[in-house]
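Coordinate analysis (summary)
If you want the building blocks of each chain, they are given just below.
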Amino acid sequence: MADFNESWKKLTVKIVYYGPALSGKTTNLICLHDLVQGGGRGDLMSLETKGDRTLYFDLLPLAVTTENRVSILFKLFTVPGQVAHDATRKAVLSRADGVVFVADSQVSQSLNNAESFENLENNCRRVGLDFDTLPLVVQFNKRDLGSIESEESILELWGPTGIPLVFASALQGKGVLETFRAVVERCFQHLEVTLGLEKNYGISEKDFLRIAGIE
Amino acid sequence: MENDNPKHAEREAGEDLTGEEPFDRDYTYQELIPVTFFHSLYDQLQGLGIKNLSVVLRSGSFYYTSHPLEKNVRLPEDMAGMSIITLDKWTVAVPLIHEFETHAFMIVGFSQIEVMSVERQISLARLIGVMVGQMVTSNYKTRLSSGLHSQVVKDTYQEIKKKTELLEKSEKKYRLLAESLEKEVLRKTQEVKDAQAYVMHQEKLASIGHLAAGVAHEINNPMGFISSNLRTLKDYCQDIRKAYDLVSGFIESVKNAKSDKPDKTMGKPVLSDFLAELKDLDLDYILNDIPQLLEESLDGAERINKIVSDLKDFAHPGEESACTADLVQCIESTLSIVWNELKYKTTLTRSYQPIPMITCYPRQLNQVIMNLLMNSVQSIEKKGEIEIGTRDLGDEVELTVRDNGHGIPMEVLPRIFDPFFTTKDVGKGTGLGLNLVYNIVRKHKGTIEVKSEIGKGTTFFVRLPVNAQLDKE
């Protein structure tokens, strides 16, 4: 739920990294923190972790300022992937403007991916997000590992959905920025329709993409 | 981050957010750093040569100030995007930034007595700025996590409440189900009981039906000689009539002869002829035989009467109330009914000890005695002995029925009182005879015992309390 603060001339955009446990959601944010060049970037804030498992969420704030001095603040959240933390996942997902679904490419994880994706769909409904129009990008992570689903079979399965797909290896920094760019693009298109960014606030797609380091 | 006029984003109406603020909303400045923090900060900074500490929000209003600022200090119009600035020789302004946003300026005024170099002033002010920034970040984290936590707790609570309601619903459903099941079981039990009672009654009728042939024979016997006697009496009647006619004829002729108007057609009455004819009728014998015949017939009628009344006692359906009765009388009346079954195959021995009257349902005891006797008879192949006896045991009386029939096998013994258990061929026995005995004895609060040996015979011992408190039928 993007919120434009008139007095501060600030637009806040919430993007949530969703997906099964240990699929690399936090790694995506760590990597983005290093890769993003375009504007201001805050520190990665991790709340309540246990070992390498996120219990609450991670938060990475990124910001750009447009020529007419409107600041756009992107708040990137991760959810805890473990099944037991569904209430937390639901609360974090609430009011999201865009979602990145980070799937684990390993063959052994395909069931977990499916369950988590179904969980995303259910939680969207529960927090009042329209799953059909929600800006969504699916990232197949861990392409660097062996025994992974082939790109062909993934494309065959996901192609018909029309959801943009990115293959990534977050640990190696591959595909992370592309994923982020894809979701930011979709967020802009969606917010342009719902809020009229260009007309009402003079915010262009270029301003949005600058956050992902693309001029 | 917002200033003194917090404005929260409108929320979409998600199912779980009723009245709950999202944890990741913009927090007000007051929420992130309390005024008291600057109070204590200022207390400590005084020792470092700092005379004044103020926080000015972006709107221009003072959030905190230790002393009103001196007039010559002027704040820049637009503070956004500015870094640390020196306002005058003794005053430095540090931007307070949170999430890329300068939300306030902290103004630090240094003592004009203890002169400090500008570099030192800036370093000190920056240090304080970093401290405040860390404080805000850490408070922000706490706000985020406690906000999220409370949202999760509420959500989880709602979920549990929903589940509890569902559980309660299903528990109620199962309770109702259990109740109706119980009712159904009671209903079915009653049905089975009714069916059993019906079958019991059928069994009783069947045994009576079986006995009817014997009873008919018992009635037929006296009936035979009663009718034969009646026929004889009818003949006697004719003979007596003849004798009367003879006598009155003779008297008439004697009268005529004396009146001197002799009948020409008739001869003189001859006494010897008359006596000869009278003798032919053998009236002496007839008159002697009549009382005997009548006595016999009355006796026969009495026997029929007894059998009929015994049978009535036996077969009478419906309610019977408990009364005191003589067990021996019950035995005798039952024996008269089943006598036809016994007399050809068995030698019956009665060994009655004197016993007191007992409280019982006599007709039901008749049934017990009959069933035991019938079992005994059926256990005897050709010729055997049956002994029926009574004993006084003080509070109880004992009825024994002993036979020297084929006996009951050990493996069958524990089951003989079970309903529908029978060793007889299909159609011959219902398997309810001994069960009925068992039920009646139990109803009389008595006990039944059996001793049996293959080839030697069986004895049933029925013990009945003398003064039983019997349930109403």
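Residues numbered from 1 in each chain as written. Chains lettered and ligands numbered in written order. Predicted model: local features only at pLDDT ≥ 70, side-chain atom pairs only at ≥ 80, totals over all residues.

**Concerning the overall build of chain B**
From N to C terminus, chain B includes eight helices and 12 strands. Out of the 473 residues in chain B, the part that is buried amounts to 23%. In chain B, once contacts between residues fewer than 6 apart in sequence are set aside, the share between residues at least 24 apart is 69%. (Helix = DSSP H or I, 4+ residues; strand = E, 2+ residues; numbered from the N terminus. Buried ≥ 20, exposed ≤ 12 C-beta atoms within 10 Å, placed from the backbone. Contact = placed C-beta atoms within 7 Å.)

**Focus on the overall build of chain A**
When helices and strands are tallied, chain A shows seven helices and nine strands. The contacts of chain A with a sequence gap of at least 6 include a subset with a gap of at least 24, amounting to 72%.

**A word on the sheet that holds strand β5 (residues 101–110) of chain B**
Picture the strands of a sheet paired through backbone hydrogen bonds; they go either parallel or antiparallel. All names here are of chain B. If you trace the five strands from one edge of the open sheet to the other, you get β2-β1-β5-β4-β3, paired in antiparallel fashion. Only two strands of the sheet have a single neighbouring strand rather than two, namely β2 (62–65) and β3 (85–88). The sheet shows a mean angle of 25° between the axes of neighbouring strands, taken without regard to direction. Here strand β1 (residues 50–57) pairs with β5 via seven bridges, running antiparallel. Each bridged residue has a counterpart across the sheet, and for L57 the counterpart in β5 is A104. (Pairing = 2+ DSSP bridges. Axes fitted to C-alpha atoms, helices over the stretch in contact; angles between N-to-C directions.)

**Here we look at the sheet that holds strand β9 (residues 384–392) of chain B**
All names here are of chain B. Taken in spatial order, the five strands of this open sheet run β7-β9-β10-β12-β11, and their pairing is mixed. On the outer flanks of this sheet lie β7 (346–352) and β11 (447–453), each paired with one strand and no other. Geometrically, the sheet is characterised by an average inter-axis angle of 10° between neighbouring strands, direction not taken into account. The sheet contact formed by β7 and β9 spans seven bridges and is parallel.

**Some remarks on unusual backbone geometry**
Not every positive phi belongs to a glycine, and R95(A) is a case in point at roughly 65°. Looking at the secondary structure, you find R95(A) in the loop between α2 (86–93) and β7 (98–104). Classification of R95(A) as buried rests on a count of 24 C-beta atoms within 10 Å. In the Ramachandran plot, K445(B) falls in the positive-phi region, its phi being about 60° despite a non-glycine side chain. Looking at the element boundaries, K445(B) is found in the loop between α8 (433–443) and β11.

**Re the environment of F38(B)**
Residues and elements named next belong to chain B. Structurally, F38 can be placed in helix α2 (residues 35–45). In sequence terms F38 and V55 are 17 residues apart; their C-alpha atoms lie 8.6 Å from each other. Residue contacts for F38: discarding those within four places in its chain leaves L53, V55 and Y64.

**A short note on the confidence of the model for chain B**
All names here are of chain B. For chain B, mean pLDDT is 83; residues scoring 70 or higher make up 86% of the total. Considering only residues more than four positions removed or in separate chains, one finds that residues 1–18, a stretch of pLDDT under 50, has 44 contacts. We note a pTM of 0.61 for the whole complex and an ipTM of 0.89 for its interfaces. (pLDDT = per-residue confidence, 0-100.)

**Side note on the packing of helix α7 (residues 362–379) of chain B against α8(B)**
All names here are of chain B. One can describe the packing of α7 onto α8 by two numbers: an axis separation of 9 Å at closest approach and a directional angle of 145°. Relative to α8, α7 is oriented so that their crossing is left-handed. For the pair α7 and α8, contact is made by Q364, Q367, V368, N371, L372 and N375 and by G433, L434, L436, V437, I440 and V441, respectively. (Left-handed = near helix turned anticlockwise from the far one by under 90°.)

**Considerations on the environment of Y64(B)**
Residues and elements named next belong to chain B. In this structure, Y64 sits in strand β2. According to the C-beta neighbour criterion, Y64 is buried, with 20 such atoms within 10 Å. On a C-alpha basis, the gap between Y64 and F38 in space is 7.2 Å, while along the polypeptide they are 26 residues apart. Once you skip the residues sitting within four places of it in the chain, Y64 turns out to touch V35, F38, S54 and V55.

**As for the pairing of strand β6 (residues 71–78) of chain A**
Residues and elements named next belong to chain A. For β6, the tally of buried residues reaches seven of eight residues, placing the bulk of the element in the interior. Of the strand pairs in this sheet, strand β2 (residues 10–18) and β6 are connected by eight bridges, and their pairing is parallel. Residue T12 lies in a different strand from β6, and its bridge partner there is L73. Taken together, the seven bridges between strand β5 (residues 53–65) and β6 define a ladder with antiparallel strand orientation. Paired with L62 across the bridge in β6 is F74. Between β5 and β6, which follow one another and run antiparallel, lie five residues, and R69 among them has a positive phi close to 60°.

**Quick notes on the environment of F421(B)**
Residues and elements named next belong to chain B. Mapped onto the elements, F421 comes out in the loop between β10 (396–403) and α8. According to the C-beta neighbour criterion, F421 is partly exposed, with 16 such atoms within 10 Å. When the C-alpha atoms of F421 and G431 are compared, they prove to be 4.5 Å apart, with 10 residues separating the residues in sequence.

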